[in-house]
Amino acid sequence: MSNGDKIKIEELKLVTDWDKTFPRDGRVDHSKVTFVNRYGITLAADLYKPICMAGKLPAIAVCGPFGAVKEQAAGIYAQEMAARGYLTIAFDPSFTGESGGVPRYVASPDINTEDFSAAVDCLLSRDDVNQEQIGVIGICGWGGMAVNAVASDTRIKAVVASTMYDMSRVTGSGYFDSSDEPTRYELRRQLNLQRLEDVSKGQYALGGGVADPLPADAPAFVQDYYDYYKTKRGYHPRSLNSNGGWNKTSALSFLNMPLMAYAGEIRSAVMLIHGEKAHSLYFSIDTYRKLVENWCPGTPNNKVLMVITGASHTDLYDRMDVIPFDSMDIFFKEHFRE
């Protein structure tokens, strides 16, 4: 029997300076690592490791928000969890940030779910990681990807989805499920016309990041996005949302491939965290219902929905006084012991 292709790691150009949107924590060592997903795309990650701990550590892979880079919210989560005793990586998804993959600025429900499993491969290949204590954290659109990943990857013992979006649902049904079949058909028609335009011009059109200038009638949640991505608070030069946005035709795959089809079969522990005032809260509420649809009352339930009083969607990106790190730490420690 012949062997398959060898795994090849692309040599990526990685920034060596501290270029994060948050300050460095002296309790944590930082370095950069690369790894390859099942599609041969090399991903870049920041690795955070607690300085005062040795031996095999519990480990967590972090990604998100959708359209962000690892130097933004994902890095905040990864660094803080490392300060609490975990080895963590915050990675850029395929086609974005410092990670490889062409064309640039493409999202895919399949490939981006795979990115999480590739990050687990990276963690499990390390000598300083406890093989039985692997978790993931997904933020915003990568919260849905994280839940999707744990549905297929039995190596993941626990997952936290913070301020999550279901990107397939919001793409196909619009915000608050406001789109109907004719609206979806028109969107498909426009996106397929865009495909032809891209081919004829020899260049992929971008959809644009967060609106700038901000329209006077912008909804509150769009104002919140602007306040994060377009200001000193969260702006980063490699962030899609801070700049030109996603490839326009990325939406096609999300229209046709729903996420979390097997969420009800997840045996691993899942914690959904959302803000009470977040426009996106309904994604977590409905996902929790899927997660527990096969649960029998009177038996242990390892699925949790935590709603943070007064919090908005973007409060859970970077507000250290709002993100429930204590609860997340307790959740991971409890389920890593099982």
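Check the entry above for the structure.
Source: prediction; values computed, not measured.

Rules of the game
Residues numbered from 1 in each chain as written. Predicted model: local features only at pLDDT ≥ 70, side-chain atom pairs only at ≥ 80, totals over all residues. Heavy atoms only, no water. Buried < 20%, exposed > 50% of the residue type's maximum accessible area, 1.4 Å probe, protein only. Helix = DSSP H or I, 4+ residues; strand = E, 2+ residues; numbered from the N terminus. Arc of directions from axis to C-beta. Contact = heavy atoms within 4.5 Å. Salt bridge = Lys/Arg side-chain N within 4 Å of Asp/Glu carboxyl O. Core = buried A, V, L, I, M, F, W, Y, C linked by side-chain atoms within 4.5 Å. Phe/Tyr/Trp six-rings, centres within 6.5 Å; stacked < 30°, edge-to-face > 60°. Lys NZ or Arg CZ within 6 Å of the ring centre and 35° of its normal. Pairing = 2+ DSSP bridges.

1. What to know about helix H6 (residues 220-229)
(1) Moving on: Those residues of H6 that fall on the buried side of the exposure criterion are Phe221, Val222, Tyr225, Tyr228 and Tyr229. The buried residues of H6 occupy an angular sector of 120 degrees when projected down its axis, which confines them to one face.
(2) Moving on: Looking at the buried residues of H6, the elements they touch are helix H1 (73-83) and helix H9 (315-318).

2. Observations regarding the pattern of salt bridges
(1) Moving on: Here the structure, examined in full by the defined rule, presents 28 salt bridges.
(2) Moving on: Between Glu71 and Arg238 there is a salt bridge, with its nearest N and O atoms 2.9 Å apart. In this pair, Glu71 sits in the loop between strand E3 (57-63) and H1 while Arg238 sits in the loop between H6 and helix H7 (251-256), placing the two residues 167 residues apart along the sequence.
(3) Moving on: In this structure Glu71 comes out as buried when scored by relative accessible area, which is 0%.
(4) Moving on: For Arg238, a relative accessible area of 21% corresponds to the partly exposed category.
(5) Moving on: Between Arg126 and Asp128 there is a salt bridge, with its nearest N and O atoms 2.9 Å apart.
(6) Moving on: Classification of Arg126 by relative accessible area gives partly exposed; the value is 24%.

3. With respect to the environment of Gln223
(1) Moving on: On the secondary structure map, Gln223 appears in helix H6.
(2) Moving on: Apart from residues no more than four positions distant in its own chain, Gln223 is found in contact with Leu214 and Ala218.

4. Concerning the nonpolar core
(1) Moving on: Counting 95 residues, the largest nonpolar core has Ile89, Ile137, Met328 and Phe332 as its most contacted members.
(2) Moving on: Those residues in contact with Phe332 that sit more than four places away from it in its chain are Ile60, Met81, Tyr86, Gly135, Val136, Ile137, Ala158, Val159 and Val160.

5. Points about the packing of aromatic side chains
(1) Moving on: On inspection of all chains with the given rule, the structure shows 23 aromatic pairs.
(2) Moving on: Relative to Phe91, the ring of Phe35 has its centre 6.1 Å away and its plane inclined at 80 degrees; by these criteria the two rings are edge-to-face. Pair noted here: Phe35 is in strand E1 (residues 28-36) and Phe91 is in strand E4 (residues 87-91), with a separation of 56 residues, a long-range link.
(3) Moving on: Overall, the relative accessible area of 5% leaves Phe35 in the buried class.
(4) Moving on: Ring pairs connect the aromatic residues Tyr165, Tyr175, Phe176, Phe221, Tyr225, Tyr228, Tyr229, Tyr282, Phe283 and Tyr317, which therefore count as one cluster.
(5) Moving on: The ring of Trp18 has Lys20 sitting right over it, with the charged end atom 5.3 Å from the ring centre.

6. Digging into unusual backbone geometry
(1) Moving on: A cis amide bond links Val102 with the next residue in sequence, Pro103, at an omega value of 0 degrees.
(2) Moving on: Cis rather than trans, the peptide bond between Asp212 and Pro213 has omega equal to 10 degrees.
(3) Moving on: Despite not being glycine, Thr163 shows a phi value in the positive range, around 45 degrees.
(4) Moving on: Of note, Thr163 is situated in the loop between strand E6 (158-162) and helix H4 (167-173).
(5) Moving on: Since its relative accessible area comes to 0%, Thr163 is described here as buried.

7. Some words on the pairing of strand E2 (residues 42-50)
(1) Moving on: Counting buried residues in E2 gives 8 out of 9 residues, a clear majority hidden from the surface.
(2) Moving on: As paired elements, E1 and E2 share 9 bridges and run antiparallel to each other. In the strand pairing of E2, Thr34 is matched with Ala44.
(3) Moving on: The antiparallel hairpin formed by E1 and E2 contains 5 residues in its connecting segment, where Gly40 sits at a positive phi of about 80 degrees.
(4) Moving on: Sheet topology note: the E2/E4 ladder contains 4 bridges and is antiparallel. Residue Asp46 lies in a different strand from E4, and its bridge partner there is Ala90.

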